[in-house]
Amino acid sequence: MASRAHGPSGVPWRLIGWGGAVALLLVPLVLQFPWTLSDFIFAGAVFGIVGGTFELAVRKSGNRWYRGGVAVALATSFLLVWLNGAVGIIGDEDNPANLMFMVVILMAIAGAIAARFEAPGMARAMFVAAGAEALIAVIVVANRLGATEPPGFPGVPILILGFAGMWGLSGFLFRRAA
């Protein structure tokens, strides 16, 4: 019988996942990126939150669609936080317009809690997050936010709509789980 760390195929998924997170944390050190201790602490905290949340989802449901929905939602949140912390999506990382993305993540979290993490409600929460993300793209276009900094216009709204698509994919996966 496989241990809890191993999937039905005997693959040690937990070891691979957490080992991969540690390996990613070592990359900046090995490549001598100019990271400070606080950069490593922030990255470790983000990896821990994402990994821990996914582990909870795996324990909550054996449904592959549900797990996929969680994985996509977590990947979307992770990328939004990481990109905004590193370089910013709308202008640089200090541009207050980037806080709109954190509001979308908070909306998704609040929706998940309100849904008690049940698949039908999770689907609705992710679709709301997709709509909110798309609304940010409209705001960006209407106000030409980030047009003068990489990736510029139309790169910024296209990137934002890509994130809206990821939220939508998560919603679709949760709907399939329901």
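A few points on the structure. (Residues numbered from 1 in each chain as written. Predicted model: local features only at pLDDT ≥ 70, side-chain atom pairs only at ≥ 80, totals over all residues. Heavy atoms only, no water.)

### Observations concerning the overall build of the chain
When helices and strands are counted, the chain shows 6 helices and 0 strands. Reading the helices (α) and strands (β) of the chain from amino to carboxyl end gives α-α-α-α-α-α. Referenced to the eigenvectors of the C-alpha coordinate spread, the extents of the chain come out at roughly 60 × 45 × 25 Å. Put simply, the chain has 178 residues, and 35% of those count as buried. Considering only contacts in the chain between residues 6 or more positions apart, those separated by 24 or more positions represent 63%. Total accessible area on the chain is roughly 10,200 Å²; 71% of this is exposed by carbon and sulfur atoms. The averaged location of the 8 negative side-chain charges in the chain is 22 Å from the averaged location of its 11 positive side-chain charges. (Helix = DSSP H or I, 4+ residues; strand = E, 2+ residues; numbered from the N terminus. Buried < 20%, exposed > 50% of the residue type's maximum accessible area, 1.4 Å probe, protein only. Contact = heavy atoms within 4.5 Å. Areas by Shrake-Rupley, 256 points an atom, 1.4 Å probe, with all protein chains shown as cover. Lys, Arg positive; Asp, Glu negative; His and termini not counted. Charge placed at Lys NZ, Arg CZ, Asp CG, Glu CD.)

### Side note on the packing of aromatic side chains
Scanning all chains against the criterion turns up 6 aromatic pairs. When the centroid spacing of 5.6 Å and the interplanar angle of 25° are considered together, the rings of phenylalanine 47 and phenylalanine 78 count as stacked. Linking phenylalanine 47 in helix H2 (residues 37-60) with phenylalanine 78 in helix H3 (residues 64-86), this pair joins segments that are 31 residues apart in sequence. The pair phenylalanine 47 / phenylalanine 78 is uniform in exposure class, with both members buried. Feature note: the residues Trp35, Phe40, Phe47, Phe78 and Trp82 constitute an aromatic cluster, connected by ring pairs. The residue whose ring lies beneath arginine 176 is tryptophan 65, and the NZ or CZ to ring-centre distance is 4.2 Å. (Phe/Tyr/Trp six-rings, centres within 6.5 Å; stacked < 30°, edge-to-face > 60°. Lys NZ or Arg CZ within 6 Å of the ring centre and 35° of its normal.)

### So, the pattern of salt bridges
Overall, the coordinates contain 2 salt bridges when judged by the stated rule. In this structure, arginine 59 and glutamate 55 form a salt bridge, with 3.8 Å as the shortest nitrogen-oxygen distance. Within this pair, arginine 59 and its partner glutamate 55 are both found in helix H2, separated by 4 residues, close to a single helical turn. The exposure class of glutamate 55 is buried, given its relative accessible area of 16%. As a salt-bridge pair, lysine 60 and glutamate 118 come within 3.4 Å of each other at their nearest N and O atoms. Of this pair, lysine 60 sits in helix H2 while glutamate 118 sits in the loop between helix H4 (99-114) and helix H5 (119-143); the two residues are 58 residues apart in sequence, bridging distant segments of the chain. (Salt bridge = Lys/Arg side-chain N within 4 Å of Asp/Glu carboxyl O.)

### Comments concerning unusual backbone geometry
A cis amide bond links phenylalanine 153 with the next residue in sequence, proline 154, at an omega value of 10°. Relative to the helices and strands, proline 154 resides in helix H6 (residues 152-177). One non-glycine residue with positive phi stands out, namely arginine 116, at about 55°. With respect to the helices, strands and loops of the structure, arginine 116 is situated in the loop between H4 and H5.

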